[in-house]
Amino acid sequence: MGAKPTTLLSLEDIDECCELTYFSRRDIIRLFDRFYRINPNAVKANPFGVRLPAADIFASIEELKCNPFRQRLAYVFSSKQDDCFSFDDFVDLASAFCEKAPPSVRASFAFRIYDFDNDGLLTASDLGRLIDFLTCDSENSTKLPERDEVVGYILEEAGVEGNRSINEAEFQLVVKKLPDFATSFKLIM
């Protein structure tokens, strides 16, 4: 018999996670149990140092298994940009999109996920890729014929002038106008 996953966490570890997230002690223990189940031997050997492949994490979590933004989530939330997650990275991902996270926090991470070229702006190119991610079959790279028209409409609705790009502050304002964002852009783990 091995140790239970929760015995690998001290009360201090749990409380520190609680202070830095939108989670309760119970939530942190539940998240650690999910992380542990992905690779028990690796986590048991080094609970806070182990880095599990993002692909393994996403494959084990129903809510992320088919998410078209898996690669972007790995890029944004992997603290070492190595396509792997520590427990802290895993908690950060869960916290950023939990129901208790303010819409502004979720919008900030959504912006980073949609900023495919990581230049701090959502450009026509980023928006085009976003539309492709949402409308294309990953096996078939057929693009939506009206894609450029949709991109133009998004930029127009966002009210951007001149440079035809959206910065994070503008994105936050756009998201505030979307009544479904706060209720639909969340991850329940």
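For every chain, the first residue of the written sequence is number 1, and numbering continues from 1 onward in sequence order. Reporting in this predicted model follows two pLDDT cut-offs: at least 70 for local features of residues, and 80 or more for side-chain atom pairs to be given and counted; totals over whole chains, interfaces and linings ignore these cut-offs and use all residues. Hydrogens and waters are ignored; side-chain quantities use all the structure's heavy atoms.

Student: Even after reading the chapter, I still don't get helix α1 (residues 11–20), so can you show me in this structure?
Tutor: All of the buried residues along α1 are Ile14, Cys17 and Cys18. Buried residues of α1, viewed axially, fall in a sector of 100°; they line one side. With respect to the buried face of α1, the exposed residues turned more than 90 degrees away are Glu12, Glu19 and Leu20. A contact between two residues is defined here by any heavy atoms of the two lying within 4.5 Å. Strands are runs of DSSP state E lasting at least two residues, helices are runs of H or I lasting at least four, and both sets are numbered from the N terminus onward. Tucked inside the fold, the buried residues of α1 contact α2 (25–38) and α7 (87–96). Buried, partly exposed and exposed residues are distinguished by accessible area as a fraction of the type maximum, computed with a 1.4 Å probe on protein chains only: under 20%, between the cut-offs, and over 50%, respectively. Here the arc refers to the directions that run from the helix axis out to each C-beta atom.

Student: Sorry if this is basic, but what is going on with the packing of aromatic side chains here?
Tutor: When we look at a pair of aromatic rings, we describe it by the centre distance and by the angle of the planes. By convention, a stacked pair of Phe, Tyr or Trp rings (six-membered ring in the case of Trp) has centres within 6.5 Å and planes under 30 degrees apart, an edge-to-face pair has planes over 60 apart, and any other such pair is tilted. Tallied over the entire structure, the rule returns 13 aromatic pairs. With 6.3 Å between their ring centres and 65° between their planes, Phe97 and Phe109 make a pair best called edge-to-face. Placement of Phe97 in the loop between α7 and α8 (103–114) and of Phe109 in helix α8 is noted, with a sequence separation of 12 residues between them. Overall, Phe97 belongs to the buried group, its relative accessible area being 6%. Linked through ring pairs, Phe69, Phe111, Tyr114, Phe116, Phe133 and Phe171 together constitute an aromatic cluster.

Student: Would you mind going over a negative patch on the surface with me for this structure?
Tutor: Like-charged residues within 9 Å of one another, or nonpolar side chains (Val, Leu, Ile, Met, Phe, Trp, Tyr) within 5 Å, are grouped into patches, provided each residue has over 30% relative accessible area and no salt bridge. Computed with a 1.4 Å probe, the accessible areas rest on the Shrake-Rupley method; for each residue, only the protein chains presented here act as cover. By definition here, a salt bridge exists when the distance from a side-chain nitrogen of Lys or Arg to a carboxyl oxygen of Asp or Glu is within 4 Å. The charged-residue count follows a simple rule in which Lys and Arg add positive charge and Asp and Glu add negative charge, with His and chain termini not counted at all. A charge is said to be at NZ when it belongs to Lys, at CZ for Arg, at CG for Asp and at CD for Glu. A surface patch of like charges, here negative, comprises Glu12, Glu16, Glu19, Asp88 and Asp92. Of all the secondary structure elements, the ones that give two or more residues to the negative patch are α1 and α7. When residues of the negative patch are assigned to their parent elements, the largest contribution, 3 residues, is made by α1. Counting through the fold element by element, Glu16 comes out in helix α1.

Student: Help me understand the nonpolar core in this model?
Tutor: Nonpolar side chains tend to gather and get buried jointly when the protein is soluble and globular. Residues Ile57, Phe58, Phe85, Phe87, Phe90 and Phe171 are the most contacted members of the largest nonpolar core, which totals 54 residues. Among all residues touching Phe90, those that are not within four sequence positions of it are Leu31, Arg34, Phe35, Ile57, Ile61, Phe85 and Met189. Among the buried residues, those of types Ala, Val, Leu, Ile, Met, Phe, Trp, Tyr and Cys that are joined through side-chain atoms within 4.5 Å form a nonpolar core.

Student: It is not clear to me how the packing of helix α9 (residues 124–135) against helix α10 (residues 147–158) should be interpreted in this structure. Could you clarify?
Tutor: Helix packing geometry: the angle between the two helix axes and the distance between the axes. Running from N to C, α9 and α10 cross one another at 120°; their axes reach a closest spacing of 9 Å. Taken together, α9 and α10 sit at an angle that is classed as oblique. Considering only the axes of α9 and α10, their crossing is right-handed. For the pair α9 and α10, the contacting residues are Ala124, Leu127, Gly128, Arg129, Ile131 and Asp132 in the first and Arg147, Val150, Val151, Ile154 and Leu155 in the second. Axis definition: a line fitted to C-alpha atoms, over the contacting stretch in the case of helices. Angles run 0 to 180 degrees between N-to-C directions. Every angle not falling under 35 degrees, over 145, or within 65 to 115 is termed oblique; those three ranges are roughly parallel, roughly antiparallel and roughly perpendicular. Crossings are classed by handedness, with left-handed meaning an anticlockwise turn of the near helix from the far one by less than a right angle and right-handed meaning a clockwise turn.

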